Amino acid sequence: MKVLGIMGSPRIGGNSDILLDEALAGAKAMGAEVEKIILDRKKIAGCKDCKKCNETGICVLKDDMHEIQMKILDADAIIHSGPVYFWSMTSQMKAYLDRWCAFFDAQWRWQKTYYPKMKGKRIGLITVCGDPNVHTADPIVHSFKSTVEMTKMNWLGAVMATANEKGEISQNEAAKKQALELGRKAATP
Ligand SMILES: Cc1cc2nc3c(=O)[nH]c(=O)nc-3n(C[C@H](O)[C@H](O)[C@H](O)COP(=O)(O)O)c2cc1C
């Protein structure tokens, strides 16, 4: 059982990172092998919409996303975590998500070679926003949940929390518990 954590905040050790660590600890406690990828430390260019991947399943851009795609294929579950930036996801997370294009054909069906590994893959999300109203992060939830539902993966749900200062979320026991539970769920077939 492999659970992959995708950290979309450039603030390493910040709120999204702390909650993702909680989730991965929950998964590990269930016996899963866990790995965290910090997107800000990777080179991931924006999708060019060149459509070459529609035929090949391979992106023409030669950067770190290829290695991440191999890890996505290999994982049983993926937990994404990131803050709200201007009512949306960070540019790091958006570049990563757009590059999922390479998994699909021109009709947004899984490439045949990827389908067996992607079908039913469990996907979870953690969001952090400065706004006391956690629903400020709804557009990010919408992006991930719609992607999961459209492609017949398995939506684990979202943990949505509020924090501003770096590390402030450490004081939020309820959010940490929810993240831990998300991780446990990710590691449960
Ligand atoms: C560029 C930028 C834009 C932001 N935009 C929003 C926003 O639109 N709504 C909001 O509630 N918080 C916004 N925030 C606040 C962050 O979501 C908040 O500080 C969060 O705790 C950061 O999480 P992190 O520690 O994981 O990076 C913004 C922060 C930055 C740096």
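Residues numbered from 1 in each chain as written. Predicted model: local features only at pLDDT ≥ 70, side-chain atom pairs only at ≥ 80, totals over all residues.

K.L.:
Help me get a handle on the nonpolar core, residues and values and all.
P.N.:
Ranked by internal contacts, the top residues of the largest apolar core, which has 50 residues, are Val 3, Leu 19, Ala 23, Ile 79, Ile 126 and Val 159. In terms of residue count, helix 1 (residues 15–29) provides more of this core than any other element does, 6 residues in total. (Core = buried A, V, L, I, M, F, W, Y, C linked by C-beta atoms within 7 Å. Buried ≥ 20, exposed ≤ 12 C-beta atoms within 10 Å, placed from the backbone. Helix = DSSP H or I, 4+ residues; strand = E, 2+ residues; numbered from the N terminus.)

K.L.:
So what's going on with helix 7 (residues 173–186)? Residues and values would help.
P.N.:
The first and last C-alpha atoms of helix 7 sit 20 Å apart over 14 residues, in line with the 20 Å expected at 1.5 Å per residue. Those residues of helix 7 not exposed but buried are Ala 175, Lys 176, Gln 178, Ala 179, Leu 180, Leu 182, Gly 183 and Ala 186. Among the structural elements, strand 1 (2–7), helix 1, strand 3 (77–83), strand 4 (122–129) and strand 5 (154–162) are those in contact with the buried residues of helix 7. (Expected span 1.5 Å × (residues − 1). Contact = placed C-beta atoms within 7 Å.)

K.L.:
Could you give me a rundown of the pairing of strand 5, with the residues and numbers involved?
P.N.:
Direction of pairing for strand 4 relative to strand 5: parallel, over a ladder of 8 bridges. By the bridge assignment for strand 5, Thr 127 is matched with Met 160. Crossover strand 4 to strand 5 through helix 6 (residues 138–150) is right-handed. (Pairing = 2+ DSSP bridges. Right-handed = clockwise from strand over helix to strand, strands pointing away.)

K.L.:
Got a sec to walk through the environment of Leu 20? Specific residues and values, please.
P.N.:
For Leu 20, the location among the structural elements is in helix 1. Residues Leu 20 and Arg 122 lie 102 residues apart in sequence; the distance between their C-alpha atoms is 15 Å. Non-local contacts of Leu 20, meaning those with residues more than four positions away in its chain, are made with Gly 5, Met 7, Lys 36, Ile 79, Ser 81 and Ile 126.

K.L.:
Account for the site of the ligand, naming residues and giving values.
P.N.:
Around the ligand sit 18 residues, and of these Gly 14, Ser 16, Pro 83, Gly 130 and Asp 131 come closest. When residues of the shell around the ligand are traced back to their parent elements, those giving at least two are helix 1 and strand 4. Each residue belonging to the shell around the ligand can be placed in one class, and the counts come to 8 nonpolar, 7 polar and 3 charged. (Near = placed C-beta within 6 Å. Nonpolar A, V, L, I, M, F, W, Y, C, P; charged D, E, K, R; others polar.)

K.L.:
Break down the sheet that holds strand 2 (residues 33–38) for me, citing the residues and quoting the values.
P.N.:
Pairing is parallel across the open sheet formed by 5 strands, whose spatial order is 2-1-3-4-5. In the strand order of this sheet, the two ends are held by strand 2 and strand 5, each with one partner. For this sheet, the mean angle separating the axes of adjacent strands, direction not counted, is 15 degrees. Summarising the sheet, strand 3 and strand 4 pair through 7 bridges and their orientation is parallel. (Axes fitted to C-alpha atoms, helices over the stretch in contact; angles between N-to-C directions.)

K.L.:
Give a description of the pairing of strand 1 that names residues and reports values.
P.N.:
Among the 6 residues that make up strand 1, 5 are buried, leaving the element largely enclosed by the rest of the structure. Strand direction decides the pairing type here: strand 1 and strand 2, joined by 6 bridges, are parallel. Residue pairing for strand 2: Leu 4 is matched across the bridge by Glu 35. A crossover connection joins strand 1 to the parallel strand 2 through helix 1; in handedness this β-α-β unit is right-handed. Bridge analysis of strand 1 against strand 3 gives 5 bridges, and the strand direction is parallel.

K.L.:
Outline the environment of Val 134, listing residues and values.
P.N.:
Here Val 134 is to be found in the loop between strand 4 and helix 6. For Val 134 and Val 159, which are 25 residues apart along the polypeptide, the C-alpha to C-alpha distance reads 9.4 Å. Dropping the residues within four chain positions of it, Val 134 is found in contact with Cys 129, Met 160, Ala 161 and Thr 162.

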